[in-house]
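Chains, contacts and geometry: an overview
What follows is the residue order along each chain.
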Amino acid sequence: MDLREIRAFAEGDDARRIDHSATARTGAPHIRTFHEDRDDTLLLIADFRPPMLWGTGAALRSVRAARLVARQGWRAVARGASLAAISVTADGIAVVPLGGGTPQMIRISHMLASRHDQALDSGREGPSLEEALIHAARLSPPGGEVILVTSPEGLATGDEPALARLARRRRVRVLLPLDPLETSPPAWPLPIRDGALTRIARLAPFDHAALAQQLRALNVSLEVVDHDAG
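Everything in this summary refers to the structure shown in the same document. Owing to the predicted nature of the structure, the values given are computational and were not obtained by experimental measurement. (Residues numbered from 1 in each chain as written. Predicted model: local features only at pLDDT ≥ 70, side-chain atom pairs only at ≥ 80, totals over all residues. Heavy atoms only, no water.)

A word on the overall build of the protein. Along its length, the protein carries seven helices and ten strands. Taken along its principal axes, the extent of the C-alpha atoms in the protein is 65 × 35 × 35 Å. Counting over 230 residues, the protein shows a buried share of 41%. Restricting to contacts in the protein with at least 6 residues of sequence separation, those with at least 24 account for 72%. Here the protein displays about 11,900 Å² of accessible surface, and carbon together with sulfur accounts for 52% of that area. (Helix = DSSP H or I, 4+ residues; strand = E, 2+ residues; numbered from the N terminus. Buried < 20%, exposed > 50% of the residue type's maximum accessible area, 1.4 Å probe, protein only. Contact = heavy atoms within 4.5 Å. Areas by Shrake-Rupley, 256 points an atom, 1.4 Å probe, with all protein chains shown as cover.)

Put into structure tokens, the structure is as follows:
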């Protein structure tokens with residue numbers, strides 16, 4: 001096994017992996033985490049930034065993103081994989097380090113729920129995904145899988161270098177939980193208001209072809225999830 005990192009001890013960690021040198025040096029318990037090239041590891045990234053916090057159907061896009069992350073996580077638990085999670089809000093990122101089993105997925109579920117509540121209460125604009133993608137490259141071992149659940153506008157041009165580095169030795173999938181308004185907009189024109197400004201516009205279904213081509217160039221796959229499909 002290869003050493004992944006030495007980090008501060010967290011609730012649920014295996015006490016047998018305590019690193020005595022780092023613990024003595026810092027005065028706080030630290031553990032060693034490892035990975036094997038053949039390990040089945042999954043890193044889940046949930047985007048709860050402001051563009052995700054709306055919806056016209058039964059749930060916000062952010063809620064549907066959390067459901068997608070949870071489904072993928074429980075499937076990983078069922079096959080015995082190790083998994084970790086990162087959530088991104090207007091206040092930054094939160095991380096659940098790699099672990100396994102039902103207790104790990106429960107930790108991830110609690111993190112997603114609490115961070116989503118915080119995101120709804122925040123009035124700030126969200127940061128880019130760059131910090132989360134850089135942290136993901138440290139957290140996910142080579143050969144692992146990374147699933148990012150975000151919106152069509154979630155990836156900015158400045159995020160591409162970090163996303164490309166993440167995808168060099170990992171399988172990276174971007175999932176888009178589209179709102180019904182994006183997949184089946186009304187056929188008639190709609191009024192759009194922004195303060196005192198008003199326009200009449202006809203909405204078109206989201207066309208993911210350009211984004212899919214852009215991500216393919218980075219060795220990243222794109223999957224559109226309509227209407228909260230499984």
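Applying the stated criterion across every chain yields a total of eight salt bridges. In this structure, Arg32 engages Asp19 in a salt bridge whose closest nitrogen and oxygen atoms are separated by 2.4 Å. Placement of the pair is Arg32 in strand β2 (residues 30-35) and Asp19 in the loop between β1 (2-8) and α1 (20-26), with a sequence separation of 13 residues. Owing to a relative accessible area of 6%, Asp19 belongs among the buried residues under this scheme. Measuring nitrogen to oxygen at the nearest pair gives 2.9 Å for the salt bridge that ties Arg49 to Asp47. In this structure Arg49 comes out as buried when scored by relative accessible area, which is 7%. Here the salt bridges share partners, and the residues they tie into one network are Glu145, Arg171, Arg173 and Glu223. (Salt bridge = Lys/Arg side-chain N within 4 Å of Asp/Glu carboxyl O.)

Glancing now at the pairing of strand β5 (residues 92-100). Bridge count for strand β4 (residues 82-89) against β5 is seven bridges, and the pairing is antiparallel. The partner of Ile86 across the bridge, within β5, is Val95. The loop that links β4 with its antiparallel partner β5 comprises two residues. (Pairing = 2+ DSSP bridges.)

In this section: the environment of Pro189. Tracing the backbone shows Pro189 in the loop between α6 (180-183) and β8 (190-194). Remark: the alpha-carbon pair of Pro189 and Leu203, spanning 14 residues in sequence, is separated by 7.3 Å. Not counting residues within four places of it along the chain, the set of residues in contact with Pro189 comprises Ile200, Ala201 and Arg202.

Further remarks concern the sheet that holds strand β7 (residues 171-178). To summarise the sheet geometry, strands pair through backbone hydrogen bonds and adopt either a parallel or an antiparallel arrangement. Spatial strand order, β5-β4-β3-β6-β7-β10: six strands in an open sheet with mixed pairing. Both outer strands of the open sheet, β5 and β10 (220-226), are each paired with one neighbouring strand and no more. When the angles between neighbouring strand axes are averaged without regard to direction, this sheet yields 15°. Where helix α2 (residues 61-78) meets the sheet, its contacts fall on β3 (41-47), β4, β6 (145-149), β7 and β10, and the angle it forms with β7 comes to roughly 140°. (Axes fitted to C-alpha atoms, helices over the stretch in contact; angles between N-to-C directions.)

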